[in-house]
Amino acid sequence: MTPHIDTQVCVVGGGPGGLMLGLELARRGCDVVVVEQSTKFTRHFRGESVSPDSVRLLDQRGLLEEISARLDFEETRRFEISDGGRRVLEVDFRDLSPTGYLPIELPQQILLDVLAEAAARHPGFTLLRGSSATGLVEEGGRVVGVRCGGGQDGGTQIRAALTVGADGRFSRVLRQSGLAHKKTPLNRDVLWCTLPFPDTWDRSTVRVRIDGDQHALCLPTHPGLVRVGLNIPKGGLKEFRGLGINALRSRLSSLVPELAPAAAEHITGWNSMMLLDIFTTSVPQWSRPGLVLIGDAAHTLSPVLGQGVNHAVIDAVTLAPLVARALRSSDRSGLLDAATQRFQHLRSPHVEQARKVQLAQERAFSVSSAPAVRVRQGLYTLIDSNDWLKRRVWRRVYYTLPAGRRHDSPIPRHSTPL
Ligand SMILES: Cc1cc2nc3c(=O)[nH]c(=O)nc-3n(C[C@H](O)[C@H](O)[C@H](O)COP(=O)(O)OP(=O)(O)OC[C@H]3O[C@@H](n4cnc5c(N)ncnc54)[C@H](O)[C@@H]3O)c2cc1C
């Protein structure tokens, strides 16, 4: 007989969304099993920029303090764009923030460790590391759990009142759910590398350098490094590699001359580079009976303004109280399905708003003709000169939670923070 575990909620994926959901449910007294295929939370390059709304949610739960006990992270105070060698847009987040919270740069491993440890303090929480969900278990048209891979007897089955797909941008749960979805490749891919941080730069500024249809993103990372993302045409890695490593170094050096010496010394081969395949995924319905998707599985976003972690975290914080309430009722299945629909109703307008801003920036990145570049530069300059516009653009992405200042009181145990 196949071994099985019974729980109230089974979450597939222990990324920021899945672990935050595990924590939020467990602290409300629910039983939750998080299935995570990797045995460690080591993640290279990914999910380091954490948006102010998520920073605030972490702070409200005392988790920012736990993070700062492990890492002296820095807040990002400034953001600047140079286009064609001229600085066209500068933003000081301290002037825009309605809450006092700023973005931070944080290796994802630390965030995941802190979330997993906080969740493990609650008796209802179980994290199954090194366990991969291989299929959904369905009965009478309802998802009632997942099958996990491995084992002589065909692996373990986890049976749950609600199954959550938090398994990221290549979600197997989404593929197996039968839910309609559309993957849209964007015009670019990004090659990431890390280099020593230039002495002449301050560590609280994120820099974007653009020239025609080429650009470089420069984000501070740990320890004492800069995380650099260079665009290449969609699917163009093979062709780009064919030009040789010197072409990569000179592309980077012409966009960011301050990094030329470090590029010459430290970019020695393609192994030090990591490719981010850029696409977005739209899923019109995030749930079906017994199943809901969160985070990248429900809405893979472009990397513009680092929104992936943010939306995964806010999804979790929004979904948990709705699910916890439904689990306490006698008509559990009906109320769970209503809760997952309500969750999408609350969250999708914010996701779509962020996506809209991101796609506008994706289009701006891809123009190359001289007139179109001039229009782009003009737009950046216009935003730069108008504080109202600056606030409008950034607040639509960075500050979407209802008002509340820094160090506002922690969210009480059974309340709905959104
Ligand atoms: C190179 C790169 C850089 C990025 N930089 C940023 C950034 O700076 N800021 C930002 O906000 N976002 C960034 N992102 C996006 C960000 O990492 C994601 O949006 C975010 O992590 C989504 O969280 P999630 O919990 O939905 O999914 P994920 O973080 O992808 O977590 C999914 C988890 O599910 C697990 N999993 C998958 N399949 C299974 C299975 N079948 N069974 C069990 N477990 C499974 C995976 O191992 C993983 O741990 C970046 C992404 C990449 C690839």
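All values derive from a computational prediction rather than experimental measurement.

Conventions adopted
Residues numbered from 1 in each chain as written. Predicted model: local features only at pLDDT ≥ 70, side-chain atom pairs only at ≥ 80, totals over all residues. Heavy atoms only, no water. Near = heavy atom within 4 Å. Polar contact = N/O pair within 3.5 Å; in protein donor to acceptor, adjacent residues only side chain to side chain. Areas by Shrake-Rupley, 256 points an atom, 1.4 Å probe, with all protein chains shown as cover. Helix = DSSP H or I, 4+ residues; strand = E, 2+ residues; numbered from the N terminus. Nonpolar A, V, L, I, M, F, W, Y, C, P; charged D, E, K, R; others polar. Domains from an automatic or database assignment. Salt bridge = Lys/Arg side-chain N within 4 Å of Asp/Glu carboxyl O. Buried < 20%, exposed > 50% of the residue type's maximum accessible area, 1.4 Å probe, protein only. Pairing = 2+ DSSP bridges. Axes fitted to C-alpha atoms, helices over the stretch in contact; angles between N-to-C directions. Contact = heavy atoms within 4.5 Å. Parallel < 35°, antiparallel > 145°, perpendicular 65-115°, else oblique.

(A) Representation of the site of the ligand within the structure. The immediate surroundings of the ligand are formed by 33 residues, with G17, E36, R43, R227 and D296 found nearest. P16 has a polar backbone atom sitting 3.3 Å from an oxygen atom of the ligand. Relative to its free-state accessible area of 990 Å², the ligand is covered by the protein chains to the extent of 92%. For the shell around the ligand, the secondary structure elements donating two or more residues are α1 (16-26), β2 (32-36), β16 (274-276) and α10 (308-327). Top element by residues in the shell around the ligand is α10. It accounts for 3 residues. Broken down by class, the residue content of the shell around the ligand amounts to 11 nonpolar, 15 polar and 7 charged. There are two domains that each give the shell around the ligand at least three residues, and those are domain 1 (4-184 + 279-398) and domain 2 (187-276).

(B) Examining the pattern of salt bridges more closely. Overall, the coordinates contain 26 salt bridges when judged by the stated rule. A salt bridge links E80 to R78; its shortest N-O distance comes to 3.2 Å. Neither residue differs from the other here; E80 and R78 are each classed as buried. The salt bridge partner of R78 is E90, with a shortest N-O separation of 2.6 Å. With R78 in strand β4 (residues 78-83) and E90 in strand β5 (residues 86-92), the pair connects residues that are 12 residues apart, well separated along the chain. When salt bridges that share partners are traced, they join R78, E80, R87, E90, D202 and R207 into one network.

(C) Representation of the sheet that holds strand β12 (residues 188-196) in the model. Taken in spatial order, the 7 strands line up as β5-β4-β13-β14-β15-β12-β16 in an open sheet, and their pairing is mixed. With one partner strand each, in any of the chains shown, β5 and β16 form the two edges of the open sheet. On average, adjacent strands in this sheet sit at an angle of 20° to one another, irrespective of strand direction. By the bridge criterion, 9 bridges tie β12 to strand β15 (residues 225-233) in an arrangement that is antiparallel. Among the inter-strand pairings, W192 is bridged to a residue of β15, identified as G229. Lying over the sheet, helix α8 (residues 245-255) contacts β12, β13 (205-211), β14 (214-221) and β15, oriented at roughly 110° with respect to β15. Across the face of the sheet, helix α12 (residues 370-385) comes into contact with β4, β5 and β13 while running at roughly 35° to β5.

(D) How the structure looks around the packing of helix α2 (residues 52-60) against helix α3 (residues 63-70). Where α2 contacts α3, the two axes come as close as 5 Å, and the packing angle between them is 95°. It follows that α2 is roughly perpendicular to α3 by the angle criterion. Here α2 contributes V55, L58 and D59 to the contact with α3, which in turn contributes L63, L64 and I67. Tallied by class, the residues present in the contact of α2 with α3 amount to 5 nonpolar, no polar and 1 charged.

(E) Quick look at the pairing of β4. Where burial is concerned, most of β4 is hidden: 6 out of the 6 residues are buried. By the alternation rule, side chains of β4 split into R78, E80 and S82 and F79, I81 and D83, which are all buried. The pairing of β4 with β5 spans 6 bridges and is antiparallel. Its bridge partner lying in β5, R78 is registered against D92. Hairpin remark: β4 followed by β5, antiparallel, with 2 residues in the connecting loop; positive phi at G84, about 65°. With 6 bridges connecting them, β4 and β13 associate as parallel partners. For R78, the partnering residue across the bridge sits in β13 and is T205.

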